[in-house]
Structures are given as structure tokens and as C-alpha cells.
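Summary of structural features
Residues per chain, in single letters:
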Amino acid sequence: MNSGKYVFAQLLQFINRYEFDKLVIKFNGDYRTRDFNCWNQFIQLFFGQLTARNSLRDICTCLKAHRNKLYHLGIKQYVNQSTLSRANENRDSRIFADFGNYLIQEVRPLYSGSSIPDVDINNEVFALDSTTVSLSLKLFSWAPGKYSRGAIKIHTLLDLRGSIPSYILITDGKYHDSNVLDVITPEVNAIYVMDKAYIDFKALYRMHESGAFFISRAKTTMDFTVIETNYNIDETTGLRSDKVIMLNGYKSKKLYPEPLRLVEFYDDKKDTVLTFITNNTFASALEIARLYRNRWQIEIFFKWIKQNLTIKKLWGHSENAVNIHIWVAICTYLIVAKVKHSLKSELSIYEIMQILGISVFDKTPIQELLTEYQINQDVKEQLKLFGD
């Protein structure tokens, strides 16, 4: 990287402008636009996400304060809050959604060789879950939630190899989690890890027939008959049982007529026994439990998205503006993930985001910034060990 360039300008070199412009043309995003086009809208919102600006006014004020640097940052011009707000309200959110999906297709393969903690399998492994963002129903009447409140849900299929989202769906708060199973096309031999909210035996059987595997928490009310028991388990690992079962309920048995595997595992940290059901008969019972344990990665992803990508303070009230906000946040995550891989950094995406966010007006090459931080962390660790 050229050391004469600002960090933010260096980051823009990781974004494929050509692909973005193709989507702008596809959805006629720059129709009747003079200076503030979709690209400038995107990079200003990207700047806001990266530097954790709390509002559109905050973004505009910050850029105005640094107006002499904007050209060198790669930003054509600063605009006022109302101009940026109108762009979010009126420009087609599909431009940003499709660009986010393009980045998913670009970034996900970069992490395909990443390992999954405590698991040694070659299958693709995904965690499926959703996070809810509460809203005011008066301001967001298009997004009904539960109990007379407003809400939106961000449904995410997360590739556990690298914690890269594979699929994103944004809905209102009343959309049931299990409905996502009707939208997703399962990959053959892939393993889908999910919680009990996704117990829909019709959808799970369709996944089974497509050659995919699922692992889910079992509902306590599930009625079944044990047809086979594996007594060759090591309870010191936390395993309590490994059984083959058939569902008993008339409706359940009709929807899922094949045998299922039931694994019980004792979680010593929470002092509770977890019960999993799966159609996977190839992995060991311990691997089933460990695969589910790795589901925590999607919880970390949601927590990180909410805390660090300014999701909670939405930059508009319309459905279009909210979709743009969320997709720009996801794009920011994916761009930083691309930077991490391209520079072969051992730092986490979260750490890189923190470093870049406070260094956008620096002229240090990004590689040097990350390397210096890594060296400082290593020195701290060595001093800590020396002190012990």
C-alpha cells in the first residue's frame, strides 16, 4: 500500500467498484442524480459504520470537519444530513443487498480452509439463527413484532469456517424462525446447527432427503421411542447417552417417518444436560455435541454486529432505509474480513475493525498498522508470562 494514502482510501481499494456500479445500473440507482451518487452514499455510510458514528448527522458533521481531506479519503464531497437521509429513503436497497451478497460470494471461499474448534471433519458447517432488533411501532409501523411492539429480525446462516455469513434475510419481528428453512436450499453433506426454535419436522425431513444433516436441541415435550442404544460412550467427556429413536406423535411421525439420533451431553459450566437430535449417523456422539457448542460463533457475530456496527441506532425509519443500514453494516464486516485474509493477519475481525476505526485519517499502510498492533500484543503476552 502507498504510505501516502489515508487508511480509509486504502480500504476502498479492497472494494470492487465495478461490481457495485453494475448493480447501480441494474436498479437505476443514479437516476436524476448529479453529484451525490450511490457510490458516494455507500462509502459515506461505510465510513459511518467503520468509525461507529451514531447518526447521519454525526457522519455529516465528521466529514464536514475534515472536508479538506475528503478528496484524498476517496469521498467526492460531504453532504448535509437531509441529503443523506433522502438517499437512504429513496434509493433502492436492493443495490446494497445484492452487493452484500456479492461480497459473501467473494469472501466466503477465502475462509473455506479454516478449522472449526475441537472438530475434525471436512463437511461444510453452518449455524442458523436470528437476532431481533426492537423498534418503536409508531415510527416503524411496517415492522410489527410481538406484544404490540415493533421489531425486525436478521436471520443469518453463518459459515462456521471463518464466521462468514452465507445467507441473510431481513424480516419483521413476527416472522417465525423456522420459516427460514423453507427459503434456504440445503447443500449436500453440509451440517446445519440450530436451536429448538427451528424444530419443523416437515422442513427437517426435506433437508434430510436433500442429503444434508442437521443438529438441533430437542424439545422437552418430544414424544419418542428408543429403538437402539449405544452403551459404548465415555461419560468423562460429558456424554450421557447416544440413542436411535422414532417419533411417536401421529403428526410428527407422519412428517418425519425416519429414525433420528438423540445425544445427551452434560454441560458442566451450566450444570445442565443438553439433548440434541440429528440425522447424522456418521459423526461420533462427542463430535455432535462439539459441533453444537460451536454454535456460539453466531451469537458472537450477532453481538458484534449490534455493538460495533451501529445497528441499534437505525439511520432511517422506512423499510428501505433500514435495509440499507443493515446491509451496509454487513458489507463493512465482509470488507474487513477480506482485509484480514488479504493481509494474512492473525488478528480477529473485531480487533482489525477497532484498529481501522480509529486510524481512518492515518497515512500508515494498513499492513504496518496491523503488524505493529500484533507485535505490541505479543510483547504484552510475553511480559505477562514473565511476570507470572
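Structural data are supplied above this passage.
Residues numbered from 1 in each chain as written. Predicted model: local features only at pLDDT ≥ 70, side-chain atom pairs only at ≥ 80, totals over all residues. Heavy atoms only, no water.

Right, let's talk about the sheet that holds strand E8 (residues 260-267) for a bit. Pairing is mixed in the open sheet, where nine strands are placed in the order E3-E2-E1-E4-E5-E9-E8-E7-E6. Edge positions in the sheet fall to strand E3 (164-172) and strand E6 (224-229), since each has one partner strand and no second. When strand polarity is set aside, the average angle formed by the axes of neighbouring strands in this sheet is 25 degrees. The sheet contact formed by strand E2 (residues 150-159) and E3 spans eight bridges and is antiparallel. Opposite threonine 156, over in E3, you have isoleucine 168 as the bridge partner. With respect to the sheet, helix H10 (residues 285-293) is in contact with strand E1 (125-135), strand E4 (191-194), strand E5 (213-217), strand E7 (239-247), E8 and strand E9 (272-278), its orientation differing from that of E8 by roughly 70 degrees. Sitting on the sheet, helix H12 (residues 319-342) is in contact with E2 and E3, with an inclination near 170 degrees to E3. (Pairing = 2+ DSSP bridges. Helix = DSSP H or I, 4+ residues; strand = E, 2+ residues; numbered from the N terminus. Axes fitted to C-alpha atoms, helices over the stretch in contact; angles between N-to-C directions. Contact = heavy atoms within 4.5 Å.)

Throughout the structure, instances matching the rule amount to 22 aromatic pairs. Between the aromatic rings of phenylalanine 8 and phenylalanine 46, the centroid separation amounts to 5.5 Å while the plane-to-plane angle is 35 degrees, which identifies the pairing as tilted. On the criterion of sequence distance, the pair formed by phenylalanine 8 in helix H1 (residues 7-12) and phenylalanine 46 in helix H3 (residues 38-50) is long-range, its members being 38 residues apart. What makes phenylalanine 8 buried here is its relative accessible area of 0%. Ring centres 5.2 Å apart and planes at 35 degrees place the aromatic pair phenylalanine 20 and phenylalanine 42 in the tilted group. (Phe/Tyr/Trp six-rings, centres within 6.5 Å; stacked < 30°, edge-to-face > 60°. Buried < 20%, exposed > 50% of the residue type's maximum accessible area, 1.4 Å probe, protein only.)

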